[in-house]
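A closer look at the structure
These are the residues of each chain, in order.
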Amino acid sequence: MPRLKYASILRVLLILGLFCVWVQIMLSATNGALDKDGDNILADLLQTNLTNNEEPFTEELMNSNETSEQVLALVPPELHKYLTVHPRNSSANATERYSPKNVSDILRAIQRVNDAQTIYNEDIFGPVQNDTIIIAIQVHTRLTYLRHLIVSLAQAKDIDRTLLIFSHDYYDEEINNLVRSIDFTKVMQIFYPYSVQTHPLEFPGMDPNDCPRDAKLEQALKLKCNNALHPDLHGHYREAKYAQTKHHWWWKANRIFNQLQCTASHTGMVVFLEEDHYVAEDFIHILNLLRTTADKTCPQCEILCLGTYLKTYQYHSTSDKRKKHLTLNYIQQVRAISEERRKRQHDTQTWNYQVYPNLYANTQKVEITPWHSSMHNMGMVFNRTVWTNILELQEQFCAYDDYNWDYSLLHLSQNRPGREKFKVILCKGPRVFHIGECGFHHKKSNCNASTVISKVQKLLQDAKSYLFPPRVTATISAGGAKHNKKLIKGNGGWGDLRDQELCTNMTRVERQMRKYIYYT
């Protein structure tokens, strides 16, 4: 019995000894690491703290250098320059992202650019004509996607006859350098002057005395915060970064139609894109077919649409009408895809682009249907006549409690006195694609721009023989339940009277003459 007792004591002592040795080894390793990298770790912690404290000034650019070989293989070598991410060097530019220009410098730079109204490459491609197609691109900070949009635009036929207008709500020299490096058509930059970046501590940014989003009315009144009396219809207070999107879109449209000197007599089409879109090489060709078809078949169609959020098609080189999925009409396709997306929303796998054969064929189909914001807001196209009709109802747009510009337009469309809802003519084989899986409304942990872009490229490669169709055939649809459902209330985020007033005031700025700025 004593022997067993001593053996147990020895085992315990042995285990304790081994534990002490392990602890000593770990402490030594930790001390060595701290001695070696302590300064760097401290610097990182300080930088993280500084970055968090300076968030209004240092919003992170999405500018990864992860373009895959698969994507590059389908991009002409002469366009690789638009995908090249230049590393920051040790010069002043190296710290630009972390120590940007102060707000006053940015505001002066924005004012200078907006006053100059410079059209780059105008000497090469000629002046803007009254019927020039204008492509308006709304840009925030997703530079990775913007690079691929530019590559897709560069490959589009007749792009040299257009004017690209990049509308920015974030000033960054790397974005500016990319845009100004475009050499395949005319280019202009405009800057939204009321951004969160340039107003970090005051409206339209977030004033320190603004009410917290989730404060109850009673709490807000006790706090005596600025907008206590004006929560949105859901009882929440404004969030500047969300309100900015609607402000920017409205300002951009006003700027293009009503304020720029080069558009004073413009009667042509304006295409509305965003930084995370991608276009097919025949999108201008299809746009012209849509316009011609609308003139003949649907003179009352105010809006053309080049894109759709459908992301699953099935491609076959020949049509087999015995296959069940080919009997689906457009609305049924939308419902089917929406249901499939809902089932897979928590899946780590991303969707695949495929093609229905009836969408891409020698004679392709277009559809005339009531315009709906969530289905027809991508690659949307209209002209000055339609814009004038929208401006007549600007109070409805600016007062509607929804931070989404497209739902605000839908509300306007459904409440036009004595007139029907907007009608849209759209191509069922999309020419504008949404590639933005990461960013403003998308917080996926497995975001990879190259993955999505390669699928779009594969789709367009599979459909290449069906691009540039000589004609299209139009069908008229009354739309489904979603098209015709009356908006009862908005999504909120727009209850603050300051937002409504700023929105209204944007329409009161008159056309501005171009100011020539001479640098010394």
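Structure's up top.
Our subject in this report is the structure included herewith. If you're wondering where the values come from, they're calculated on a predicted model, not measured in any experiment. (Residues numbered from 1 in each chain as written. Predicted model: local features only at pLDDT ≥ 70, side-chain atom pairs only at ≥ 80, totals over all residues. Heavy atoms only, no water.)

Thoughts on a nonpolar patch on the surface
- Together, Ile9, Leu10, Val12, Leu13 and Leu16 give the surface a local cluster of nonpolar side chains, amounting to about 480 Å² of exposed area.
- Topologically, Leu13 is positioned in helix α1 (residues 2–53). (Patch = residues over 30% accessible without salt bridge, like charges linked within 9 Å, V, L, I, M, F, W, Y side chains within 5 Å. Areas by Shrake-Rupley, 256 points an atom, 1.4 Å probe, with all protein chains shown as cover. Salt bridge = Lys/Arg side-chain N within 4 Å of Asp/Glu carboxyl O. Helix = DSSP H or I, 4+ residues; strand = E, 2+ residues; numbered from the N terminus.)

As for helix α16 (residues 497–505)
- If you check which residues of α16 are buried, you get Asp499, Gln500, Leu502, Cys503 and Thr504.
- Its buried side turned inward, α16 meets α8 (240–259) and α12 (394–399). (Buried < 20%, exposed > 50% of the residue type's maximum accessible area, 1.4 Å probe, protein only. Contact = heavy atoms within 4.5 Å.)

Overview of the state of the cysteines
- Taken as a whole and judged by the stated rule, the model has 3 disulfides.
- Note that Cys211 is cross-linked by a disulfide to Cys225, the S-S spacing being 2.0 Å. Across the disulfide from Cys211 to Cys225, rotation about the S-S bond amounts to roughly 95 degrees, and the bridge is consequently right-handed. Of this pair, Cys211 sits in the loop between β3 (186–191) and α7 (217–223) while Cys225 is found in the loop between α7 and α8, placing the two residues 14 residues apart along the sequence. Cys225 shares its class with Cys211; the two are buried.
- The partner cysteine of Cys298 in its disulfide is Cys301, sulfur to sulfur 2.0 Å. Torsion about the S-S bond of the Cys298 and Cys301 cystine: about 90 degrees, corresponding to right-handed handedness. Residue Cys298 shares its accessibility class with Cys301, and that shared class is buried.
- Looking at Cys427, it has no disulfide partner, and the nearest cysteine sulfur is the one in Cys305, 6.9 Å off. (Disulfide = S-S within 2.5 Å.)

Side note on the packing of helix α5 (residues 143–154) against helix α6 (residues 173–180)
- Their axes nearest at 11 Å, the elements α5 and α6 cross at an angle of 0 degrees. Taken together, the axes of α5 and α6 lie roughly parallel to each other. Across from Leu143, Leu146, Arg147 and Ile150 in α5, the residues of α6 making contact are Glu174, Ile175, Leu178 and Val179.
- Looking at the contact of α5 with α6, its residues break down into 6 nonpolar, no polar and 2 charged. (Axes fitted to C-alpha atoms, helices over the stretch in contact; angles between N-to-C directions. Parallel < 35°, antiparallel > 145°, perpendicular 65-115°, else oblique. Nonpolar A, V, L, I, M, F, W, Y, C, P; charged D, E, K, R; others polar.)

Details of the pairing of strand β2 (residues 163–168)
- The element β2 is extensively covered by neighbouring structure, given that 6 of its 6 residues are classed as buried.
- Here β2 shows a buried face lined by Leu163, Ile165 and Ser167 and a second buried face lined by Leu164, Phe166 and His168.
- Where strand β1 (residues 134–139) meets β2, 6 bridges bridge the pair, whose relative direction is parallel. The partner of Ile134 across the bridge, within β2, is Leu163.
- In this view, the connection linking β1 to its parallel neighbour β2 by way of α5 has right-handed handedness.
- Judged from the 6 bridges that link them, β2 and β3 form a sheet pairing that is parallel. Across the sheet, Ser167 pairs through a bridge with Ile190, a residue of β3.
- Crossover connection from β2 via α6 to parallel β3: handedness right-handed. (Pairing = 2+ DSSP bridges. Right-handed = clockwise from strand over helix to strand, strands pointing away.)

Quick look at unusual backbone geometry
- The peptide bond linking Phe203 to Pro204 adopts the cis configuration, its omega dihedral lying at 10 degrees.
- On the secondary structure map, Pro204 appears in the loop between β3 and α7.
- A positive phi angle, near 70 degrees, is found at Asn121, a position not held by glycine.
- Within the secondary structure, Asn121 sits in the loop between α3 (103–116) and α4 (122–125).
- The buried category is assigned to Asn121, whose relative accessible area is 16%.

Read these as geometric descriptors, not functional statements.
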